[in-house]
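Structural features, examined
Each chain, letter by letter, is given below.
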Amino acid sequence: MIKVFAPAKINLTLHVTGMRSDGYHILDSLVVFVDVGDQIAAEIADETHLSVTGPFAKGVPTDDTNLVVKAAKTLDFLMALTLDKRLPPSSGIGGGSADAAATLRAGLRLGASYAGDDQVLTLGADVPVCLASKSTRMRGVGDVLQPLKLPALHLVLINPRVEVSTPDVFRRLESKDNAPMPDDLPRWPDSLAFTDWLGTQRNDLQDPAAALAPEIAAVLNALEQSTGAVMARMSGSGATCFAIYADRSTAETAAAQLSQSNPWWWVKAASTLPA
């Protein structure tokens, strides 16, 4: 049996720059991965089946509707899989996509053949970037990936335990043709310079998501007011939000205070994974 970590994906930016004729949205997003996530355990078996454990196991399907099972079948490789579900569902931090990517990595380590980029993309727009799990500028429909070297970041992640439907958020987005990030991104000497620049960018889905789930505004306000927070923003289509801090110790202190004040929220301190 092997175990593969499925790190949470954080959209530091998410610019919606257009929509294709087939209905897929065109994005320009800066993505990082952190040391908080799910885990896939896998071993070769006579048939593919999935079991789910962990604090968010309740209600997670174990049939072909789960991306983990779909990923295994994309590889055409029989595995017994266990998903340790520690990320909240439908939370805008790529949990399902990260799990699918971890399943692909597990299968490859056990001897499966790579299914190919086109097949991986059929699992979802975020699966290719999660397969790499490195800081990346992600454009198009998730098919144009540019690895980046970013300063180390220390964050607090908060999910108010509210699930937000991504299609509903996109439907509420008034403008589908917004400005992308600059073609040539600057070089940032440190995390402070990077965070200053990050504050000039956007998540175009933040306001539509907050209109659907007012709890998002409450989370953002709590993060902005927390001790040491440099900036706060929503990740992906929500409802998870993040704030950036100068160091891990400050982030952990803020996480402890926020968790104590709001015990019904999912609160985690996190740091970006090294390149």
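Everything that follows concerns the structure shown earlier in this document.
Structural notes, computed from the coordinates.

1. Observations concerning the overall build of the protein
Secondary structure summary: the protein contains nine helices and 11 strands in total. By the compact-globule yardstick of 19 Å for 275 residues, the protein fits well, its C-alpha radius of gyration being 18 Å. Within the span of the protein, comprising 275 residues, buried residues form 53% of the whole. Within the protein, residue pairs in contact and separated by at least 24 positions form 74% of the contacts whose partners lie at least 6 positions apart. Of the charged side chains in the protein, 23 are positive and 30 negative, and the gap between their average positions amounts to 2 Å.

2. Re the sheet that holds strand β9 (residues 231-234)
On the basis of which strands lie adjacent, the open sheet formed by four strands has the order β9-β10-β8-β11 and antiparallel pairing. Both outer strands of the open sheet, β9 and β11 (266-271), are each paired with one neighbouring strand and no more. Ignoring strand direction, the axes of neighbouring strands in this sheet form an average angle of 20°. Here six bridges tie strand β8 (residues 154-159) to β11, and the two strands are oriented antiparallel to one another. Residue pairing for β11: Asn 159 is matched across the bridge by Trp 266. Contacting β8, β9 and β10 (241-245), helix α8 (residues 215-225) runs over the sheet at an angle of about 10° to β10. Of the strands in this sheet, β8, β10 and β11 are in contact with helix α9 (residues 248-261), which crosses β11 at around 180°.

Thresholds applied
- Residues numbered from 1 in each chain as written.
- Predicted model: local features only at pLDDT ≥ 70, side-chain atom pairs only at ≥ 80, totals over all residues.
- Heavy atoms only, no water.
- Helix = DSSP H or I, 4+ residues; strand = E, 2+ residues; numbered from the N terminus.
- Rg over C-alpha atoms; globule rule 2.2 N^0.38 Å.
- Buried < 20%, exposed > 50% of the residue type's maximum accessible area, 1.4 Å probe, protein only.
- Contact = heavy atoms within 4.5 Å.
- Lys, Arg positive; Asp, Glu negative; His and termini not counted.
- Charge placed at Lys NZ, Arg CZ, Asp CG, Glu CD.
- Pairing = 2+ DSSP bridges.
- Axes fitted to C-alpha atoms, helices over the stretch in contact; angles between N-to-C directions.

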